[in-house]
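Commentary on secondary and tertiary structure
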Number of protein chains: 2
Amino acid sequence: MTTIDDVARRAGVSASTVSYALSGKRTISAATRLRVEKAIADLGYTPHAGARALASARTNVLALMAPLRPDVDVSVIMQFVTGVVTKARSHDYDVLLLTQEDAAGLSRVASGMVDGLILMDVEAQDPRIPVVTTLRQPTILIGLPEDSRGISCVDFDFDAAARMAVRHLRGLGHRNLALLGPPPAVLERHTTYADRLFTGYRAQCAADGLEPVIEATGTSHAAALAALDAVLTRSPGLTGLVVHNEAALASVVSGLRDHGRHVGEDVAVLALCPAYVAESQPIPITSIDIPALTIGEVAVEMLLERMAAPHATETRLLAPTLHERQSTFPLQPPAPTGR
Amino acid sequence: MTTIDDVARRAGVSASTVSYALSGKRTISAATRLRVEKAIADLGYTPHAGARALASARTNVLALMAPLRPDVDVSVIMQFVTGVVTKARSHDYDVLLLTQEDAAGLSRVASGMVDGLILMDVEAQDPRIPVVTTLRQPTILIGLPEDSRGISCVDFDFDAAARMAVRHLRGLGHRNLALLGPPPAVLERHTTYADRLFTGYRAQCAADGLEPVIEATGTSHAAALAALDAVLTRSPGLTGLVVHNEAALASVVSGLRDHGRHVGEDVAVLALCPAYVAESQPIPITSIDIPALTIGEVAVEMLLERMAAPHATETRLLAPTLHERQSTFPLQPPAPTGR
DNA sequence: ATACAGTGTTGAACCGCTTCGACAACGCGA
DNA sequence: TCGCGTTGTCGAAGCGGTTCAACACTGTAT
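Residues numbered from 1 in each chain as written. Chains lettered and ligands numbered in written order. Predicted model: local features only at pLDDT ≥ 70, side-chain atom pairs only at ≥ 80, totals over all residues. Heavy atoms only, no water.

Re the protein's contact with DNA strand D
Taken together, 29 residues sit near DNA strand D, with A:Thr17, A:Thr32, B:Ile4, B:Ser19 and B:Arg26 positioned nearest. Take the atoms of DNA strand D that sit within 4 Å of the protein: sugar and phosphate atoms are 55% of them. B:His48 is positioned with one of its backbone polar atoms (N or O) 3.4 Å from a phosphate oxygen of DNA strand D. Breaking the surface near DNA strand D down by element, the ones donating at least two residues are α2 (15–23) and α4 (49–56) of chain A together with α2 (15–23) and α4 (49–56) of chain B. The dominant element in the surface near DNA strand D, judged by the number of residues it contributes, is α4(B), at five residues. Within the surface near DNA strand D, the residues separate by chemical class into twelve nonpolar, 13 polar and four charged. (Near = heavy atom within 4 Å. Polar contact = N/O pair within 3.5 Å; in protein donor to acceptor, adjacent residues only side chain to side chain. Helix = DSSP H or I, 4+ residues; strand = E, 2+ residues; numbered from the N terminus. Nonpolar A, V, L, I, M, F, W, Y, C, P; charged D, E, K, R; others polar.)

Spelled out as structure tokens, the structure:
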């Protein structure tokens, strides 16, 4: 292994000069810098990360704790991860991947492996929160706990998204709506996005004088059809369906067809999912995009800010945007503006 | 931060004794060990990873380079990652996640960040191979390059899987088969699994006296339908369809219905995909399971072996297994045993 | 009693880098 | 010419562990 001393010798300078030439923390003459750079190139030198971390007390590594189960919304998780990794790399940070199951992982990596942490899939009373608040390193949550005081969070504004969905369908003239939500397992875990989604949905329905019909939706084909049957039974005149369940979306669409309903013609479907999922359905689905990639990127940015200097805690909720595609339509020609 | 010296002081021993008590590399009296353990517990001490890495020249971290694009088969990728991370953790290793795009990443992490590397999504002439063979750390490839000499690989035996698929359908009496393969992009990247799949498919068709009909299949709904139309045109009497394209599977199934064909009744569908993908289709699909989780685990095991002691290079291909579900059926009652 | 082979413990060197304080060389204004 | 602030470079002291050689004990065989 070539070390900084090898480089120093070859460039005819001291090791500290090489270090300063590399970090730029002190002025180095152009001539010397060139000699150092040449020596580095000749030798193919790369600083030893461990030594650097020890001496500088910075590792240039971020920890990302992700739910690694082939559960719902794999592609959403992948997008979070991708957003985090690419944004981290663009700031010269690497990412250490932890699983949700690795309870001791947080303290382990906090002692000298990472400079900051990002936690995904946060629950209402997340047991990891008391742990990370004692750490020297800053932490960002992706998701919202019940009590977010003392900790910074990013998430999608599910409340606003649900309201937007209802308003949009209502604006198109639909008055018989239903919401097919996340699987029961998500509710049992008390991941708060489901609560926020339901809250927003109920509130907007109330504001618009609509009956809120809500059903949790399992991810299997059978479970999705069962949930669909349930809402059709409760609300036979249904014309508008909001689906927040990537895995069930395809099943719901095909189920509607089996019920003799035509998506985009006599029933409007509005999905909450990544844009590309909505686009790849048999009928392109009008969707409110879940900007998972962006959320991952924002998480990294917030984290870097807090690593650079003390910062107040902050909660950032990303606003929803709606993409109209072919699965929605005005129910009666002169649709009232449902704003 | 509490250091090993704090622990030593509190336990009334030297730092080296604490180190030996922790590592077990020298005998320590039971009494001393107990005092040390108590001190560690009292102080909540966790050894500093960077310092340990520097002194011992081991980091207990593995690098995993994964294709982080919301491309085909996200769930397969997630399973690889999950297999790698969980198996690594069970051996007290953490995982550093790199993206395929991070060209310089390999050399960067190789200088002091990781003890070994795993590379996913290997191409025929993968430019990363010459890089990793110069590294001090061992590397395992998930996938097979054209020339695998000098490097260890794990992968699914796509050749055998294709043969098994043909034999199975043939054994059920189907003689008009077609293969819907991975998207054109995969072929252009020269990821070799597609080649091996095609080779095996053609060979078995030849052996069984069948006409090999093969079509690359895009991931969008429209592209999947186009590919289906193409094979139905080329082979109007088609009764058996092999699909190796997780993203297109649902579209193909629904497309068949639009063509008036009934999966499991007048057309047999056999998919190559993770079991849970096959199970969650409207009709449970007979599948040859892609054991992505296992492959990830095997990769870690092979890597650990090579980190522990010099080892010969080795290529491991995991044998396919077939799960019969409801999408396949015997075409004519006394089906010859097609073994 | 003497030598000898474990045991258990320790001090010190070292891993490769960063960073602080010191200092030489230089130009500048007084 | 003297003193002083700049600029560029260096030596040495860590950072927090691991590990080697050395050593003080015990207990056992001679």
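Regarding the interface of chain B and chain A
Interface size is often expressed as the accessible area that is lost when the parts come together. Each partner contributes residues to the interface: chain B has 43 residues there, and chain A has 43 residues. Summed over both sides, the interface between chain B and chain A buries roughly 3,800 Å², with carbon and sulfur atoms accounting for 66% of that surface. Of all residues in chain B, the largest losses of buried area upon contact with chain A belong to B:Leu68, B:Met78 and B:Leu97, amounting jointly to 15% of the total for that side. Inspection of the region where chain B meets chain A yields six salt bridges. When the shortest N-O distance is used, the salt bridge between A:Arg108 and B:Asp94 registers 2.2 Å. In this assembly, chain B and chain A are joined by twelve residue pairs in polar contact (both at pLDDT 80 or more). It is helix α5 (residues 74–90) of chain B that provides the largest number of residues to the side of chain B that touches chain A, a total of eight residues. Among the residues making up the side of chain B that touches chain A, the classes are represented as 22 nonpolar, 13 polar and eight charged. Here strand β2 (residues 94–99) of chain A runs beside strand β2 (residues 94–99) of chain B; their pairing, made up of three bridges, is antiparallel. (Contact = heavy atoms within 4.5 Å. Buried area = accessible area lost by both parts, 1.4 Å probe. Salt bridge = Lys/Arg side-chain N within 4 Å of Asp/Glu carboxyl O. Pairing = 2+ DSSP bridges.)

With respect to the relation of the copies chain B and chain A
With an axial shift of 0.0 Å and an RMSD of 0.1 Å, the rotation relating chain B to chain A amounts to 180 degrees. When the rotation and shift are considered jointly, the pair of chain copies conforms to a two-fold rotation axis. Measuring from the rotation axis to each C-alpha of chain B, the shortest distance belongs to B:Leu96, at 2.1 Å. When the interface residues of chain B are mapped onto chain A, 98% of them are again interface residues, pointing to one common binding face. (Least-squares fit on C-alpha atoms with pLDDT ≥ 70 in both.)

Quick word on the sheet that holds strand β10 (residues 286–289) of chain A
All names here are of chain A. With respect to topology, six strands assemble into an open sheet ordered β7-β6-β8-β9-β10-β12, the strand pairing being mixed. Each of the sheet's edge strands pairs with one partner strand only, and the pair in question is β7 (214–216) and β12 (322–323). Sheet topology note: the strand β6 (residues 177–181)/strand β8 (residues 240–243) ladder contains four bridges and is parallel. Across the sheet, the residue bridging to Leu179 is Val242, located in β8. Those strands touched by helix α8 (residues 158–171) are β6, β8, β9 (268–273), β10 and β12, and its axis lies near 165 degrees from that of β9. Relative to the sheet, helix α10 (residues 192–208) contacts β6, β7, β8 and β9, its axis offset from that of β6 by approximately 175 degrees. (Axes fitted to C-alpha atoms, helices over the stretch in contact; angles between N-to-C directions.)

Here we look at the sheet that holds strand β6 (residues 177–181) of chain B
Spatially, six strands are ordered β7-β6-β8-β9-β10-β12 (chain B) in an open sheet, and the strand pairing comes out mixed. Every interior strand has two partners, whereas the edge strands, β7 (214–216) and β12 (322–323) of chain B, have only one.

Considering the protein's contact with DNA strand C
The environment of DNA strand C is formed by 26 residues, the closest being A:Ile4, A:Arg26, A:Tyr45, B:Thr17 and B:Thr32. Backbone atoms, meaning sugar plus phosphate, form 57% of the atoms of DNA strand C positioned within 4 Å of the protein. B:Ser29 is positioned with one of its backbone polar atoms (N or O) 3.0 Å from a phosphate oxygen of DNA strand C. Here the surface near DNA strand C gets four residues from one element, more than from any other, and that element is α4(A). For the surface near DNA strand C, the per-class residue count stands at eleven nonpolar, eleven polar and four charged.

Considering the environment of B:Met78
By the element assignment, B:Met78 lies in helix α5. Taking the C-alpha atoms as reference points, B:Met78 and B:Pro138, separated by 60 residues in sequence, lie 23 Å from one another. Setting aside its immediate chain neighbours within four residues, B:Met78 contacts A:Pro67, A:Leu68, A:Val74, A:Ile77 and A:Met78.

Re the domain arrangement of chain A
Per the domain assignment, the segments of chain A are domain 1 (4–47), domain 2 (61–156 + 292–318) and domain 3 (158–290). On a C-alpha basis, the centroid separation for the pair domain 1 of chain A and domain 3 of chain A is 61 Å. (Domains from an automatic or database assignment.)

Points about the nonpolar core
By size, the foremost hydrophobic cluster in this structure holds 110 residues, and its most contacted members are A:Ile118, A:Tyr201, A:Leu272, B:Ile118, B:Tyr201 and B:Leu272. Among residues more than four places away in sequence, those in contact with A:Tyr201 are A:Ala162, A:Val166, A:Leu177, A:Ala178, A:Leu179, A:Pro212, A:Val213, A:Ile214 and A:Val242. If you look at the next biggest cluster of nonpolar residues, it comprises 40 residues, including A:Val132, A:Leu144, B:Leu96 and B:Leu98. (Core = buried A, V, L, I, M, F, W, Y, C linked by side-chain atoms within 4.5 Å. Buried < 20%, exposed > 50% of the residue type's maximum accessible area, 1.4 Å probe, protein only.)

Comments concerning the side chain of B:Ser327
Residue and element names in this part refer to chain B. As for its position among the elements, Ser327 is in the segment after β12. Since its relative accessible area comes to 0%, Ser327 is described here as buried. A distance of 2.5 Å separates the side chain of Ser327 from the backbone oxygen of Val269, its partner in a polar contact. Within the structure, the side chain of Ser327 is placed 2.7 Å from the backbone nitrogen of Thr286, a separation counted as a polar contact. Excluding residues that lie within four positions of it along the chain, Ser327 makes contacts with Val263, Gly264, Val267, Ala268, Val269, Ile283, Pro284, Ile285 and Thr286.

Things to note about the side chain of A:Arg128
All names here are of chain A. Following the sequence through the fold, Arg128 ends up in helix α7 (residues 128–133). On the accessibility criterion, Arg128 (10% relative accessible area) is buried. Reaching out from Arg128, the side chain makes a polar contact with the backbone oxygen of Asp121 at a distance of 3.4 Å. What Arg128 contacts, discounting residues up to four positions off in sequence, is Met65, Gln100, Leu106, Leu119, Met120, Asp121 and Val122.

Here's the deal with α10(A)
For α10(A), which comprises 17 residues, the first-to-last C-alpha distance of 24 Å matches the rise-based estimate of 24 Å (1.5 Å per residue) to within 8%. Turning to α10(A), its buried residues are A:Thr192, A:Tyr193, A:Ala194, A:Arg196, A:Leu197, A:Phe198, A:Gly200, A:Tyr201, A:Gln204, A:Cys205 and A:Asp208. (Expected span 1.5 Å × (residues − 1).)

Section: the environment of A:Val243
Residues and elements named next belong to chain A. Assignment of secondary structure puts Val243 in strand β8. A residue is classified by how much of its surface remains accessible, and Val243, at 1% relative accessible area, is buried. C-alpha of Val243 to C-alpha of Ser287: the two residues are 44 residues apart in sequence and 9.1 Å apart in space. When near neighbours in sequence (up to four residues on either side) are disregarded, Val243 contacts Leu180, Leu249, Val252, Val269, Leu270, Ala271 and Leu272.

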